[in-house]
Amino acid sequence: MDGVSFLMLVYVFVLAIFVGFELITKVPPTLHTPLMSGSNAISGITIVGAILSAGLEEFTISTILGMVAVIFAMINVVGGFLVTDRMLKMFKKR
Amino acid sequence: MKTIIEITYLVSSVFFIFGIKKLSSPKTARQGNMFAAIGMALAIIVTLIDQDVLTYEWILIGAIIGSTIGVIMAVKIPMTGMPQMVGLLNGFGGGASLLVALSEFYKIMNFPAWNHDVKTDISIIVSILIGAVTFTGSLIAFGKLQGLVTGRVVKYPGQHAINALLVFLIVAGGAYTVIYPGNELLILAIAAISLLLGVLLVLPIGGADMPVAISLLNSYSGLAAAATGFVLENNELIIAGALVGASGIILTLIMCRGMNRSLLNVLVGGWASAGSGGPAPEGSTPKGDVKSVDAEELAMIFDSVSTVIIIPGYGMAVAQAQHAVRDLVNVLEKKGIKVRFAIHPVAGRMPGHMNVLLAEANVSYDKLFAMEDINDDFNNTDIAFIVGANDVVNPAARHDQSSPIFGMPILNADYAKTVVINKRSMNVGYAGIENELFFYPNTLMYFGDAKDAISKLTNELKNL
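Anyway, here's the lowdown on the structure attached to this text. (Residues numbered from 1 in each chain as written. Chains lettered and ligands numbered in written order. Predicted model: local features only at pLDDT ≥ 70, side-chain atom pairs only at ≥ 80, totals over all residues.)

## Thoughts on the overall build of chain B
Piece 1. Within chain B one finds 17 helices and 6 strands.
Piece 2. Taken over C-alpha atoms, the radius of gyration comes to 25 Å for chain B, in line with the 23 Å a tight globule of 464 residues would show.
Piece 3. With the C-alpha coordinates aligned to their principal axes, the bounding extent of chain B is approximately 80 × 50 × 35 Å.
Piece 4. Out of the 464 residues in chain B, the part that is buried amounts to 53%. (Helix = DSSP H or I, 4+ residues; strand = E, 2+ residues; numbered from the N terminus. Rg over C-alpha atoms; globule rule 2.2 N^0.38 Å. Buried ≥ 20, exposed ≤ 12 C-beta atoms within 10 Å, placed from the backbone.)

## Describing the overall build of chain A
Piece 1. Across its full length, chain A holds 4 helices and 0 strands.
Piece 2. Expected size for 94 residues packed as a compact globule is a radius of gyration near 12 Å; at 18 Å, chain A overshoots this value by more than 25%.
Piece 3. Expressed as lengths along the three principal axes of its C-alpha atoms, the size of chain A is roughly 60 × 35 × 10 Å.
Piece 4. Partitioning the intrachain contacts of chain A with sequence separation of at least 6 by distance along the chain shows that 60% fall at a separation of at least 24. (Contact = placed C-beta atoms within 7 Å.)

## Observations concerning the interface of chain B and chain A
Piece 1. Between chain B and chain A, the contact holds 98 residues from the first and 79 residues from the second.
Piece 2. Sort the elements by how many residues they give to the side of chain B that touches chain A and helix H4 (residues 82–110) of chain B lands first, with 18 residues.
Piece 3. Looking at the side of chain B that touches chain A, its residues break down into 58 nonpolar, 28 polar and 12 charged. (Nonpolar A, V, L, I, M, F, W, Y, C, P; charged D, E, K, R; others polar.)

## As for the sheet that holds strand E3 (residues 368–370) of chain B
Residues and elements named next belong to chain B.
Piece 1. Strand order in the open sheet made by the 6 strands is E3-E2-E1-E4-E5-E6, with parallel pairing throughout. Edge positions in the sheet fall to E3 and strand E6 (443–447), since each has one partner strand and no second. Taking each pair of neighbouring strands and ignoring which way they run, the sheet shows an average axis angle of 25°.
Piece 2. By the bridge criterion, 5 bridges tie strand E5 (residues 418–423) to E6 in an arrangement that is parallel. Looking at the pairing, Val-419 lines up with Thr-443 of E6. (Pairing = 2+ DSSP bridges. Axes fitted to C-alpha atoms, helices over the stretch in contact; angles between N-to-C directions.)

## Let's talk about the environment of Phe-35 of chain B
All names here are of chain B.
Piece 1. Tracing the backbone through its elements, the reader meets Phe-35 in helix H2 (residues 29–48).
Piece 2. The exposure class of Phe-35 is buried, given the 21 C-beta atoms found within 10 Å.
Piece 3. In this view, Phe-35 contacts Phe-15, Phe-18, Gly-19 and Lys-22; residues no more than four positions away in its chain are not counted.

## What about unusual backbone geometry?
Residue and element names in this part refer to chain B.
Piece 1. Phi is positive for Asn-260, close to 50°, though the residue is something other than glycine.
Piece 2. With respect to the element layout, Asn-260 can be found in the loop between helix H9 (235–258) and helix H10 (263–267).
Piece 3. Overall, Asn-260 belongs to the partly exposed group, with 14 C-beta atoms counted inside 10 Å.
Piece 4. The phi angle at Asn-362 is positive, at roughly 70°, despite the residue not being glycine.
Piece 5. Overall, Asn-362 belongs to the partly exposed group, with 14 C-beta atoms counted inside 10 Å.

## Describing the nonpolar core
Piece 1. Ranked by internal contacts, the top residues of the largest apolar core, which has 191 residues, are Val-70 of chain A together with Ile-311 and Ile-386 of chain B.
Piece 2. Ranked by residue count, the leading element in this core is helix H4 (residues 61–90) of chain A, at 18 residues.
Piece 3. With sequence-adjacent residues up to four places away left out, Val-70 of chain A is seen in contact with Ile-47, Ala-50, Ile-51 and Ala-54 of chain A together with Ile-59, Gly-62, Ala-63 and Gly-66 of chain B. (Core = buried A, V, L, I, M, F, W, Y, C linked by C-beta atoms within 7 Å.)

## Quick look at the pairing of E5 of chain B
Residue and element names in this part refer to chain B.
Piece 1. With respect to burial, E5 is a largely interior element, 5 of its 6 residues being buried.
Piece 2. One ladder, built from 5 bridges, connects strand E4 (residues 383–387) with E5; its direction is parallel. From the neighbouring strand, Phe-385 faces E5, where its bridge partner is Val-420.

## Focus on the environment of Asp-373 of chain B
Piece 1. Among the structural elements, Asp-373 of chain B can be located in helix H15 (residues 371–374).
Piece 2. With 329 residues separating them along the chain, Asp-373 of chain B and Ile-44 of chain B place their C-alpha atoms 42 Å apart.

## As for the packing of helix H2 (residues 32–42) of chain A against H9 of chain B
Piece 1. Two elements in contact, H2 of chain A and H9 of chain B, have axes separated by 9 Å at closest approach and are oriented at 150°. Classed by the angle they form, the pair H2 of chain A and H9 of chain B counts as roughly antiparallel. Of the two possible hands of crossing, H2 of chain A and H9 of chain B adopt the one that is left-handed. Residues His-32, Leu-35, Met-36, Ser-39 and Ile-42 of chain A of H2 of chain A form the contact with H9 of chain B, whose participating residues are Ala-240, Leu-243, Val-244, Ser-247 and Leu-251 of chain B. (Parallel < 35°, antiparallel > 145°, perpendicular 65-115°, else oblique. Left-handed = near helix turned anticlockwise from the far one by under 90°.)

## Some points on helix H14 (residues 353–360) of chain B
Residues and elements named next belong to chain B.
Piece 1. Burial analysis of H14 places 8 of its 8 residues in the buried class, which makes it a mostly covered element.
Piece 2. All of the buried residues in H14 are His-353, Met-354, Asn-355, Val-356, Leu-357, Leu-358, Ala-359 and Glu-360.
Piece 3. Asn-362 sits one or two positions beyond H14 and adopts a positive phi of about 70°.

## Some remarks on the packing of H2 of chain A against H4 of chain A
Two quantities define a packed helix pair, namely the angle between the helix axes and the distance between the axes.
Residue and element names in this part refer to chain A.
Piece 1. Where H2 contacts H4, the axes come no closer than 7 Å and their chain directions differ by 155°. Here H4 runs roughly antiparallel to H2, going by the angle between their axes. As for how H2 packs across H4, the hand of that crossing is left-handed. Packed against H2, whose contacting residues are Thr-33, Pro-34, Ser-37, Gly-38, Asn-40 and Ala-41, the element H4 presents Asn-76, Val-77, Gly-80, Phe-81, Val-83, Thr-84, Met-87 and Leu-88 at the interface.
Piece 2. Per-class residue counts for the contact of H2 with H4 are 7 nonpolar, 7 polar and no charged.

Following this line, the structure appears as structure tokens:
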């Protein structure tokens, strides 16, 4: 990657952090646990990298590492979203 | 094709942002989580049609195994086990980042045609470091919360020197591999040292400081994903990772502020006296007599008041008393008594821990108040009922400059006309110090396991 495209990635990173700060500060304390488990599930986005690693044509050590990464990331994603939904289902006003 | 994939990643990122935005209200939160899940599904599907993905069997096998484990964990875990669950899931996210970075390293090594440069090499090292620290750090946090690893503050000689040495080795090794790439042994050594560092960083942190540790690890798992994004030059990973990273940092700072401590102070193992958990230390002078009441007397006191604020703490979670508390609230409300909950920011073992438990027990979320929203109301409250909380109501934090918790924001329970404390014994809380509130003239101690004691109280109230 050349210098300019790398800098673009840094741009995106920095701006996304600011968006994150703006969004998260508005989440009330009551929802902090679902926020954690939900954002946790989002961090499972590494699944994208895991799929790219596990799907290489030639079978090498990269494929094995990729497959284990798919398992880990999938636990993170599926477990995270489901458990968050389970929690949020309970938050009711009477 | 490349453009379609890129646009879908963008749409997916927008779903993540809207998903988190909708988490700002309990009414829309569930929909928000759904949005985020849709974003994730989009990202996964579109990655499968990427031109670099040529074989599907390994992906499929991994996805089936991972999803099955994920579903089982999410369905089986009791609400009281939520802090462990979040810790464990964090670990898997970090582990995935570590593995992807290693996989990329081998890809570059085995296919020299794969273009890479210094920035990719640096990104791989960073990704390995953060991923590995998140992985083992989260496993230790899980172990502490599950009771598999000691919840006490662990200190050993040379602690900081060892950590500093490990960080130095990682940085030096990383610099070397960037200059002379392709050194397999060195990369594996860096990964191993990073794994060890994760263990050593979380091990010293005491049980009640876990809200900070879990939040920080949450942040790391996001940063690990972002680092992987730099390795793969993928904007979506960077955006999602940055969002999670920011979220974790904010929660970490809120938790630290809730204890009036610096992040550094928490990370190095906190108060000297912390986590001892035994009886009150010798030499501390009790300030008067302790008055204790039984269920029948207490029921009569409750029966005659009009406002109650309940302060839940980790003790409620341990005794799984949230349902018993809910029953008590129902009976009190039937008698026309106004009941609210005051939640200290660091009550429990993770941010929002008490809120989740009370939500599970069907307590309406509009009865739950954050410290700053309710602290002025204790003056006109008849009873402050403390269930399994200790340090967060210790008035010494306000006036005793020699106290380790001096300056920590506390709930003004002592300003209520009567303070009722349910506790199993006179033992100290996490800070390892005597709580002078126990000896106040307006304080009544109601000893017993939270679940049994509160059920008994509820029954007595019903019989009045």
